[in-house]
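What follows is the residue order along each chain.
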Amino acid sequence: GALLPTALMMSNAFLIERELLGTEKPRMGNRGTSVAPCDLFRVEDGWVLVQVAGQPMFKRWCRLVGREDLFDDPRFADDDLRWEHGDVLNDLMQDWCTGRTRADALALLDAARVPAAPLHSPQDVLDDAHVAEMGSLRRVDFPGAARPVPIVETPFRMSATPGTVRRRAPLLGEHTDEILDELGYAAGQVADLRAHGIV
């Protein structure tokens, strides 16, 4: 299916690194696998994701957190070394985030041109104005549900074949008769299949 190629695409850099360099990076939770600081960091009202890559961005980050002394620290001379000593940099980033709100942290990171994003809870996504404006969620009635269920619309929006959620997922066996009829089974045959516990 399409999920496997998507997962492979997202991890392609690690596959190349493993094949060419023999590198086997361990699982790190949310910590970055090639640069630092890179992780989810706790703020007063949630979490923010920050990733610093490249020397110019690292220097901007150092200025932001008030640690210009790290410019010439040999432990942080390039991305690979920063990743090796990532615990130090991630701890500094966490210290900077502590006591700040998500909005304040993101505004300051944006002003410093350091890539960052909020970690959204499921409720944040349901309430998000941008998600609503894009029409990314379609609310569909579902048997037994107290209210319509939010279903994610296809992310592929092509002009000739835009794709859309046309109907809800079926209940178990809901379309059995319809499908067997399309396959040419007579009503008596379907009744016999049911009587024998086949369908």
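Criteria and thresholds
Residues numbered from 1 in each chain as written. Predicted model: local features only at pLDDT ≥ 70, side-chain atom pairs only at ≥ 80, totals over all residues. Heavy atoms only, no water. Buried < 20%, exposed > 50% of the residue type's maximum accessible area, 1.4 Å probe, protein only. Helix = DSSP H or I, 4+ residues; strand = E, 2+ residues; numbered from the N terminus. Pairing = 2+ DSSP bridges. Phe/Tyr/Trp six-rings, centres within 6.5 Å; stacked < 30°, edge-to-face > 60°. Axes fitted to C-alpha atoms, helices over the stretch in contact; angles between N-to-C directions. Parallel < 35°, antiparallel > 145°, perpendicular 65-115°, else oblique. Left-handed = near helix turned anticlockwise from the far one by under 90°. Contact = heavy atoms within 4.5 Å.

(A) Quick peek at the pairing of strand 1 (residues 38–43). Burial runs high along strand 1: 5 of the 6 residues are buried. Bridge count between strand 1 and strand 2 (residues 46–51): 6 bridges; the pairing is antiparallel. Paired with Asp39 across the bridge in strand 2 is Val50.

(B) Layout of the packing of aromatic side chains. Overall, the coordinates contain 2 aromatic pairs when judged by the stated rule. Ring geometry for Phe58 versus Trp61: centroids 5.9 Å apart, planes at 25°, classification stacked. Separated by 3 residues within a single helix, Phe58 and Trp61 lie in helix 3 (residues 55–64), roughly one turn from each other. For the pair shown, Phe58 and Trp61 are each scored as buried. Plain terms: the ring middles of Phe58 and Phe76 are 6.2 Å apart, the flat faces sit at 50° to each other, and that makes the pair tilted. Of the two residues, Phe58 sits in helix 3 while Phe76 sits in the loop between helix 3 and helix 4 (79–84), which places them 18 residues apart along the sequence. We note that Phe58, like Phe76, is buried.

(C) Local environment of the packing of helix 3 against helix 5 (residues 86–97). Between helix 3 and helix 5, the least distance of the axes is 11 Å, while the angle of their chain directions is 45°. Comparing their axes, helix 5 and helix 3 come out oblique. Once helix 3 is placed against helix 5, the crossing between them reads as left-handed. Facing helix 3, whose interface residues are Phe58, Trp61 and Leu64, helix 5 presents Leu89, Leu92, Met93 and Trp96.

(D) Layout of the sheet that holds strand 2. If you trace the 3 strands from one edge of the open sheet to the other, you get 1-2-3, paired in antiparallel fashion. For this open sheet the edge positions go to strand 1 and strand 3 (116–118), each flanked by a neighbour on one side alone. Strand-to-strand twist of the sheet, defined as the mean angle between neighbouring strand axes without regard to direction, takes the value 25°. Sheet strands touched by helix 6 (residues 102–111): strand 1, strand 2 and strand 3. Its angle to strand 3, the strand with the most contacts, is close to 160°.

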